[in-house]
Amino acid sequence: MMSYVAPALQEKFETLSVDLKNAILERNVQLYTLQDLIKCLEDIVNEAEG
């Protein structure tokens, strides 16, 4: 499965750093809403802190 970023989120996704975008895409996530993106970012932060 490949990661998917909905067209509606693409503009916000593009504002992220390259490292962050890569970290998200490596997770094979499906991002349809801003909430999906926020949840994914929270998971990354939590894992980094853990």
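Note that the structure is predicted; figures quoted are calculated from it, not measured.

Of all residues except glycine, most have a negative phi; of all peptide bonds, most are trans. Located in the positive-phi region is Asn28, a residue other than glycine, with phi close to 55°. Note that Asn28 resides in the loop between α2 (18-25) and β2 (30-31).

Right, let's talk about the pattern of salt bridges for a bit. Counted according to the given criterion, the structure contains three salt bridges. One salt bridge in this structure joins Lys21 and Glu14, with 3.0 Å as the shortest N-O distance. Residue Glu14 is classed as partly exposed on the basis of its relative accessible area of 43%. Across the salt bridge formed by Lys39 and Asp43, the nearest N and O atoms sit 2.8 Å from each other.

Before going further, it helps to spend a moment on the side chain of Lys21. Looking at where Lys21 falls in the secondary structure, it is placed in helix α2. With a relative accessible area of 15%, Lys21 lands in the buried category. Those residues in contact with Lys21 that sit more than four places away from it in its chain are Phe13, Glu14 and Leu16.

What counts and how
Residues numbered from 1 in each chain as written. Predicted model: local features only at pLDDT ≥ 70, side-chain atom pairs only at ≥ 80, totals over all residues. Heavy atoms only, no water. Helix = DSSP H or I, 4+ residues; strand = E, 2+ residues; numbered from the N terminus. Salt bridge = Lys/Arg side-chain N within 4 Å of Asp/Glu carboxyl O. Buried < 20%, exposed > 50% of the residue type's maximum accessible area, 1.4 Å probe, protein only. Contact = heavy atoms within 4.5 Å.

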